[in-house]
Amino acid sequence: MIERLKAMLVKEFIQVLRDPRMRFVMFVIPVVQTLIFGYAVNTDVREVATAVYDLDNSSQSREIADLFVKSGYFRLEARVYDDKKAQELIDRGEVKAVLRMNRGLSERLVGGRGAQLQMILDGTDSNTAGIALNYASRIVGGYNARLQEEWGARHGGVRTFPGGVELVSRAWFNENLESRNYYVPAVITNIVFIITMLLSSMAVVREKEIGTIEQVIVTPIGKGEFILGKSIPFILIGFINVTIISLVAVFWFEVPLRGSIPLLYLATALFLMSSLGIGLLISTISRTQQQAMMSAFFVLFPAILLSGFAFPIESMPQIVQWFTLVNPMRFFLVIIRAIFQKGVGVDILWPQMAALLLIGVTILSTAVLRFKKTLG
Amino acid sequence: MNGANATTTGESPEAQVSLHELTRRFGDFTAVDRVTLDVARGEIFGFLGPNGAGKSTTIRMLCGILPPSSGSGTVAGYDIATQSEQIKNQIGYMSQKFSLYEELTVEENIDFYSGIYRIPAGKKAERKEWVIEMAGLAEQRGTRAQALSGGWKQRLALGCAVLHEPPIVFLDEPTSGVDPISRRSFWELIYRLSGEGVTIFVTTHYMEEAECCDRLGFIFGGELIALGTPAELKAGFPGQIVEIGCERPFELLQRVESLPGVKSSALFGAGLHLAVENAEQTIAAIGRELPDLDLRMERITPSLEDLFVSFMQAQGRAASS
Ligand SMILES: Nc1ncnc2c1ncn2[C@@H]1O[C@H](COP(=O)(O)OP(=O)(O)OP(=O)(O)O)[C@@H](O)[C@H]1O
Ligand SMILES: [Mg+2]
């Protein structure tokens, strides 16, 4: 067992390291991917391009517009004075929001009668629109509170609402709700999955296509020895990827890594059993590299979409949620985010780790069983 | 063909390789059709046949890497359908297409197979040197296989196939693309192995190599159509051979083919060989029909090549009628 495995490993490492494309995949791709994700996947809403549609043109209306701009969430892009122009700017995507204040706003406010202002949002990006609206109502709420205070002071110290409920929210683990802290560690799951799965899906089928497998399967090598010999180098590649991405995350993007590093590697090892298992299974049942590549992509997209990376699993239909229970990405993602952001340990994460172990052992043993030492 | 029946029947206990009605189909197509033969210990068995005859398919079944569709076979006493893993400990195999790792060096390829075959640590170095010396690869130890020329690749492949000293060796066209000198040294090695009691099952397209075999099987369209020693096969040749030396053999070929009594004809070196019923009659007939040509005609004893050309033409005619 050991001797054959050793021979397999020496050969696999020589092949991997002598291939310049493999070196590129191992060392360059993770860095590039992390940088791209780190910069591109940014769901923080800041400086929403806004048009001010101020028909009142009073000190009050100007003050409100000022509050919006000073908050940092809205950026004054244009001033408009008719509906047509406002519509046009939204249509062309030049602004995402229009703040409209009608004539008579100041009059009503001063008279204490209450006034309305309108926020028109480009709903095509519902996520940004929702967040912007949220900011807008906070700004308006703050302004209201101040108006009421002033009004009360002017009318003999009477406050309309002597006391109220004020919501003080704090986001734990990610105080400023930096989306980078949330997404960059998760990039580990994606890159490790993509690279190890794609590479291992080529591993066996490449030997089939080139024909070298014919000389190997006439030897008494065991199926397990062969498959294990194929997987171990990719486990190492997976570890290298995790290391590179974590370094970029921590030192370039300054994402906090609060949990234990050995646990990070242990979880990676568990996850790699699944990702390599899937790749090797694809590789053993495919006839050509092209076929294997197509199958790998066929697995890749649902695995990433149903991992919770971009879309929360809780908001998926129930049936789809059950489906995610066999997705190793889902569990690894929870573990990685927890290790980076919460710094929790095995005591909390064991269910996810157990799930990875179970899925991994199942897939890997299926791959060994499906590997046939025959041609055709 | 007369010699065939004598040796095909029964599976002798001495047989190292034994096939009985072995058949392999790919869909509707039958690549190997009920082949029955035995190969004795230490024998060099040559498997001949044109392209696509089913030689490689047969060898793959015997090596346990291609399941037979029907029929049976044993190698070293193990059943090819059910005991392929035991067989793999007993055989060396050199595939028709170079199947070692191109990106590994000569030594790395040898080391890989010596690990896979679990050659004991104390013997590893010795076996490696034996292979390198035998294949004459001393100067190319560190060369990647992809940089070796065709002949060197074949030697390396043979070396890796016999590294673990298997009692039975299957060689699928081991000398294709190898120059005549290297081919000769290749065959010296095959004799050496055979002298040590190794059983050798080899396919080839070269008739001079076929002459070197102890026994031959000729396969055509998946069917074994002749089996016997080279001498037996030649003695069993049905008819006589006329050799014609002439200037433009190709033109003559078309003119003599239609003559009565000519069963098959083929270009041969600088002339023609005709397989005929009666050499004297044919020589006389050609002299009458084509008096204008200055032809040197002579009856000769049939060579293996004559034998196989006439087999193939006879089968071809049978198939088309
Ligand atoms: N896996 C396969 N699927 C379908 N047909 C196959 C397969 N393998 C071989 N064949 C067909 O079986 C026939 C016999 O092939 P085989 O390789 O055994 O011939 P061969 O005698 O070794 O020929 P050559 O001298 O060219 O090597 C051919 O017609 C080939 O196309
Ligand atoms: Mg062949």
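Residues numbered from 1 in each chain as written. Chains lettered and ligands numbered in written order. Predicted model: local features only at pLDDT ≥ 70, side-chain atom pairs only at ≥ 80, totals over all residues. Heavy atoms only, no water.

Q: Hey, could you go over the overall build of chain B for me, with residue numbers and the actual values?
A: What chain B contains, in helices and strands, is twelve helices and 14 strands. For chain B, the spread of C-alpha atoms along the three principal axes comes to 75 × 45 × 35 Å. Classification of the 321 residues of chain B by burial places 54% in the buried group. In chain B, once contacts between residues fewer than 6 apart in sequence are set aside, the share between residues at least 24 apart is 68%. Of the accessible surface of chain B, which amounts to about 14100 Å², a share of 50% is contributed by carbon and sulfur atoms. If the 29 positive side-chain charges of chain B are averaged to one point and the 42 negative ones to another, these points end up 4 Å apart. (Helix = DSSP H or I, 4+ residues; strand = E, 2+ residues; numbered from the N terminus. Buried < 20%, exposed > 50% of the residue type's maximum accessible area, 1.4 Å probe, protein only. Contact = heavy atoms within 4.5 Å. Areas by Shrake-Rupley, 256 points an atom, 1.4 Å probe, with all protein chains shown as cover. Lys, Arg positive; Asp, Glu negative; His and termini not counted. Charge placed at Lys NZ, Arg CZ, Asp CG, Glu CD.)

Q: Can you explain the coordination of the magnesium ion (ligand 2)? Please cite residues and give values.
A: Residues and elements named next belong to chain B. Distances from the magnesium ion (ligand 2) to its protein donors, S56 (OG) and Q96 (OE1), fall at 1.9 to 2.0 Å. Highlighted residues: S56 in helix α2 (residues 55-62) and Q96 in the loop between β6 (91-94) and α4 (106-116), separated in sequence by 40 residues. The partly exposed category is assigned to Q96, whose relative accessible area is 37%. (Donors = N, O, S within 2.8 Å, 3.2 Å for Na, K, Ca; no water.)

Q: So what about the domain arrangement of chain B? Which residues, and what values?
A: Each domain of chain B was delimited in the assignment, giving domain 1 (15-234) and domain 2 (238-301). The C-alpha-based centres of domain 1 of chain B and domain 2 of chain B are spaced at 38 Å. (Domains from an automatic or database assignment.)

Q: Tell me what's going on with the packing of helix α6 (residues 150-162) of chain B against helix α7 (residues 180-195) of chain B, and back it up with residues and numbers.
A: Residue and element names in this part refer to chain B. Interhelical geometry of α6 versus α7 gives an angle of 10° and a closest axis separation of 12 Å. Regarding the angle of α6 to α7, the classification is roughly parallel. For the pair formed by α6 and α7, the contact residues are Q154, R155, L158 and V162 on the first element and S182, S185, F186, L189 and L193 on the second. A class-by-class count of the residues in the contact of α6 with α7 yields five nonpolar, three polar and one charged. (Axes fitted to C-alpha atoms, helices over the stretch in contact; angles between N-to-C directions. Parallel < 35°, antiparallel > 145°, perpendicular 65-115°, else oblique. Nonpolar A, V, L, I, M, F, W, Y, C, P; charged D, E, K, R; others polar.)

Q: Any details on helix α3 (residues 59-70) of chain A? Residues and values, ideally.
A: Residues and elements named next belong to chain A. If you check α3, its first and last C-alpha atoms are 16 Å apart, about what twelve residues at 1.5 Å a residue would give, namely 16 Å. Among all positions of α3, only Q60, S61, I64, A65 and F68 are buried. Buried residues along α3 cover an arc of 135° about the axis, so they all sit on one side. At its buried positions, α3 is contacted by β1 (48-54), β2 (74-79), β3 (97-101), α5 (105-110), β4 (117-121) and α6 (126-154). (Expected span 1.5 Å × (residues − 1). Arc of directions from axis to C-beta.)

Q: How would you sum up the site of ligand 1? Please name residues and give values.
A: All names here are of chain B. In the vicinity of ligand 1, 14 residues are found, and the nearest of them are G52, K55, S56, T57 and Q96. Side-chain polar atom of S56 to an oxygen atom of ligand 1: 2.7 Å apart, as the coordinates give it. Between an oxygen atom of ligand 1 and a side-chain N or O atom of Q96, the distance comes to 2.8 Å. Contact with the protein chains hides 65% of the accessible area of ligand 1, taken as 630 Å² for the molecule alone. Within the residue set of the shell around ligand 1, elements represented by two or more residues are β2 (29-40) and α2. When residues of the shell around ligand 1 are assigned to their parent elements, the largest contribution, three residues, is made by α2. Here the shell around ligand 1 is built from residues that sort into five nonpolar, seven polar and two charged. (Near = heavy atom within 4 Å. Polar contact = N/O pair within 3.5 Å; in protein donor to acceptor, adjacent residues only side chain to side chain.)

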